[in-house]
Amino acid sequence: MDLKQEIRSYTPIDIEKLSQEKNVSEKVIDSVKVYNKAIENLRTGSEDIAMIELKKVISVNPDFYDAVNLLGLCYAYTNQIDKAQELFGRVADAEGNSVKAAEYLSYIGRGSTSGKSSGNTKTVKAEVNPQKPNPKNRISKPKKPSNEEVQAEYVLIKGIGSYLAKPSVAVTINILSVLCLIAAIAFFAVNYKNTRSDERGPDTTVNTELNEKYDKVVAQNEKLKKDLDAANLKLKQIQLSSQLSQVSGLYGQYKYIEAADKLLAIPAKELSADNKKKYDSIKDNVMKNAANQLTTEGVSLFNKKKYKEAIQKLEKVFTYGEKWSFGDKALYVLGKSYVANNEPQKGAEAYKKLISEYPNSSYIKYARSRLESLQ
């Protein structure tokens, strides 16, 4: 089964048609809208945002089994097998005829759901044959392993394979292998040179041969260094991808400011094409929500006459972006906070910036009046 292709097989639901049906609540319609948005994000490669949206859909509408199955596929695609099994099992348990969930469970390696067996399950009893004694002097055949032993060995091998398949583990092993190989080649070259010198003395032919081997070893060493650099670069991208996933997680928990600060710490110029695409897909939403939250907190602190704290919050609004739809409000309250904190010059600069950058703002006349009183 191609998980990526299976995910793409899910299509948006016709909202207009759904709205015309009877007994369909607004909650259901809203959840379908978010579901459709998640599908669009999956098609543009924004898996992290899509998974967050699907979680919201399920929290509002737990019986939306298409959304549950789709989130399970996303978990399976990102190698979060336990979470995928839990979601597919939930659908299979709730719907006795859920073919898709059963297929998905079978594909990711789960044989049954919640310990329940279907009514069509047949129990096959093994025939017990009396064991015939072997003739004398006959060499007995090796004992065939039981099903339990084979299954246990398969699980062990599969577990080791899954661990080694993790990108960070694989890259680490590659780096250690390259380092060991470099050390082995250097050791061989030195020993070979010493041995040949001891055996033949200063022979021109031997020196030529050694020089050729030395050049070969140097060339191999350079290649290994390049391989090591490539492995380090790959590891760096894995680390950056992990940081982007952390940002998405914080955003999903409504920790907008923490998410924005972590996103700002990521060097965008060093991102690979895939990571840059993921970075761009979440940046605008993260920064906008963080700036809006800071504006709200800054206004609240000003009203409580905590002017220094308000200034810190409102100044930070513009580190996340230059011009916001709510930026005029942030600048107006920032100007008032500066003045109340005995910093009239900075207050005047905030009012001037508001007048210049937001000429249609409802705060313009108040900003001009306060600016005139400072001059």
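Read on for a plain summary of the structure. In every chain, residue numbers begin from 1 and rise along the written sequence. Since the coordinates come from a predicted model, pLDDT governs what is reported: local features require at least 70, and pairs of side-chain atoms require 80 or more to be given and counted, while whole-chain, interface and lining totals use all residues. Just so you know, side-chain values use all the structure's heavy atoms and leave hydrogens and water out.

Re the overall build of the protein
Item 1. Each helix and strand in the protein was counted, giving 16 helices and zero strands.
Item 2. The buried label applies to any residue whose accessible area, calculated with a 1.4 Å probe on protein chains only, is under 20% of its type's maximum; exposed applies above 50%, and partly exposed to all values in between. The buried share of the protein, taken over its 375 residues, is 33%.
Item 3. In this analysis, two residues are considered to be in contact whenever any of their non-hydrogen atoms come within 4.5 Å of each other. When contacts within the protein are restricted to residue pairs at least 6 apart in sequence, those whose partners lie at least 24 apart make up 54%. Helix numbering and strand numbering both begin at the N terminus, where a helix is a DSSP run of H or I of at least 4 residues and a strand a DSSP run of E of at least 2.

Re the packing of helix H11 (residues 256–264) against helix H12 (residues 273–303)
Item 1. In this analysis an axis means a line fitted to C-alpha atoms, helices contributing only their contacting stretch, and an angle means the value between N-to-C directions, from 0 to 180 degrees. Contact geometry of H11 with H12 gives a least axis separation of 8 Å together with a crossing angle of 130°. On the basis of the axis angle, H11 is oblique to H12. Crossing hand, H11 versus H12: left-handed. Listed contacts from H12 to Tyr256, Ile257, Ala259, Ala260, Leu263 and Leu264 of H11 are Tyr279, Ile282, Lys283, Val286, Met287, Asn289, Ala290, Gln293, Leu294 and Glu297.
Item 2. The class makeup of the residues in the contact of H11 with H12 is twelve nonpolar, two polar and two charged. Roughly parallel covers angles under 35 degrees, roughly antiparallel covers those over 145, roughly perpendicular covers 65 to 115, and oblique covers all other angles. Each crossing gets its hand from how the near helix is turned against the far one by less than a right angle, where anticlockwise is left-handed and clockwise is right-handed. In this classification, the charged set is Asp, Glu, Lys and Arg, the nonpolar set is Ala, Val, Leu, Ile, Met, Phe, Trp, Tyr, Cys and Pro, and all remaining amino acids, among them Gly, are polar.

Describing the packing of aromatic side chains
Item 1. Two rings from Phe, Tyr or Trp (for Trp, the six-membered ring) form a pair when their centres are within 6.5 Å of each other. A pair whose planes differ by under 30 degrees is stacked, one over 60 is edge-to-face, and the rest are tilted. Counted under the stated rule, the structure contains nine aromatic pairs.
Item 2. For the pair Trp324 and Phe326, a centre-to-centre distance of 5.9 Å together with 0° between the ring planes defines the contact as stacked.
Item 3. On the basis of relative accessible area, Trp324 is assigned to the buried category, the value being 14%.
Item 4. Ring pairing ties together the aromatic residues Tyr332, Tyr351, Tyr363 and Tyr366, which thus form one cluster.
Item 5. The ring centre of Phe318 lies 4.6 Å from the NZ or CZ of Lys353, which sits over that ring. In this scheme, Lys NZ or Arg CZ marks a charge over a ring once it lies within 6 Å of the ring centre and within 35 degrees of the ring normal.

Focus: the packing of helix H15 (residues 344–357) against helix H16 (residues 364–374)
Item 1. Look at H15 against H16: their axes get within 9 Å of each other, and the N-to-C directions meet at 145°. Our pair here, H15 against H16, has a crossing hand that is left-handed. Touching Pro344, Gly347, Ala348, Tyr351, Lys352, Leu354 and Ile355 of H15 are Ile364, Ala367, Arg368, Arg370, Leu371 and Leu374, all from H16.
Item 2. Residues of the contact of H15 with H16, tallied by class, amount to nine nonpolar, one polar and three charged.

Overview of the nonpolar core
Item 1. Counting 46 residues, the largest nonpolar core has Leu263, Val286, Val317 and Tyr320 as its most contacted members.
Item 2. For this core, the elements supplying multiple residues, two or more each, are helix H4 (47–60), helix H10 (204–252), H11, H12, helix H13 (307–317), helix H14 (327–340), H15 and H16.
Item 3. Counting residues per element, this core draws most heavily on H12, at ten residues.
Item 4. With sequence-adjacent residues up to four places away left out, Val286 is seen in contact with Val247, Tyr251, Tyr256, Ala259, Ala260 and Leu263.
Item 5. Of all hydrophobic cores here, the second largest spans 34 residues; its members include Tyr65, Cys74, Leu87 and Tyr104. Residues belong to a common nonpolar core when they are buried Ala, Val, Leu, Ile, Met, Phe, Trp, Tyr or Cys residues joined through side-chain atoms within 4.5 Å.

Here's the deal with the environment of Val339
Item 1. Positionally, Val339 belongs in helix H14.
Item 2. What makes Val339 partly exposed here is its relative accessible area of 31%.
Item 3. Counting along the chain gives 35 residues from Val339 to Leu374, while the straight-line C-alpha distance between them is 9.0 Å.
Item 4. When sequence neighbours within four positions are dropped, the list of residues in contact with Val339 reads Pro344, Gly347, Tyr351 and Leu374.

As for the side chain of Asn275
Item 1. Structurally, the position occupied by Asn275 is in helix H12.
Item 2. For Asn275, the contacting residues outside a window of four places in its chain are Gln237, Leu240, Ser241 and Leu244.

Examining the environment of Ala260
Item 1. Summarising the element assignment, Ala260 is placed in helix H11.
Item 2. With relative accessibility at 0%, the residue Ala260 sits in the buried group.
Item 3. If we skip the residues at most four places from it in the chain, Ala260 touches Val286, Met287, Ala290 and Tyr320.

Here we look at H11
Item 1. Where H11 is concerned, the buried positions are Tyr256, Ile257, Ala259, Ala260 and Leu263. Projected down its long axis, H11 shows its buried positions confined to an angular sector of 160°, all on one face. It is the directions from the helix axis to the C-beta atoms that the arc portrays.

Side note on the pattern of salt bridges
Item 1. What counts as a salt bridge is simple: a side-chain nitrogen of Lys or Arg found within 4 Å of a carboxyl oxygen of Asp or Glu. Across all of its chains, the model carries nine salt bridges by this definition.
Item 2. Arg43 serves as the salt-bridge partner of Glu40, at 3.8 Å between the closest nitrogen and oxygen. A residue pair is termed a helical-turn pair when its members lie 3 or 4 positions apart in one helix, as Glu40 and Arg43 do in helix H3 (residues 26–43) at three residues.
Item 3. Among the residues examined, Glu40 registers a relative accessible area of 40% and is labelled partly exposed.
Item 4. With a relative accessible area of 44%, Arg43 lands in the partly exposed category.
Item 5. Residue Lys276 pairs with Asp280 through a salt bridge whose shortest N-O separation is 3.0 Å. In this pair, Lys276 and Asp280 both sit in helix H12, four residues apart, roughly one turn of the helix.

Some thoughts on the side chain of Lys278
Item 1. You can see Lys278 is positioned in helix H12.
Item 2. Among the residues examined, Lys278 registers a relative accessible area of 18% and is labelled buried.
Item 3. For Lys278, the contacting residues outside a window of four places in its chain are Asp48, Ser241, Leu244 and Ser245.

Brief notes about the environment of Lys55
Item 1. For Lys55, the location among the structural elements is in helix H4.
Item 2. In this structure Lys55 comes out as partly exposed when scored by relative accessible area, which is 42%.
Item 3. Spatially, the C-alpha atoms of Lys55 and Val68 are 8.4 Å apart, while their sequence positions differ by 13 residues.
Item 4. If near-sequence neighbours (up to four positions away) are discounted, Lys55 is found in contact with Leu71 and Tyr75.

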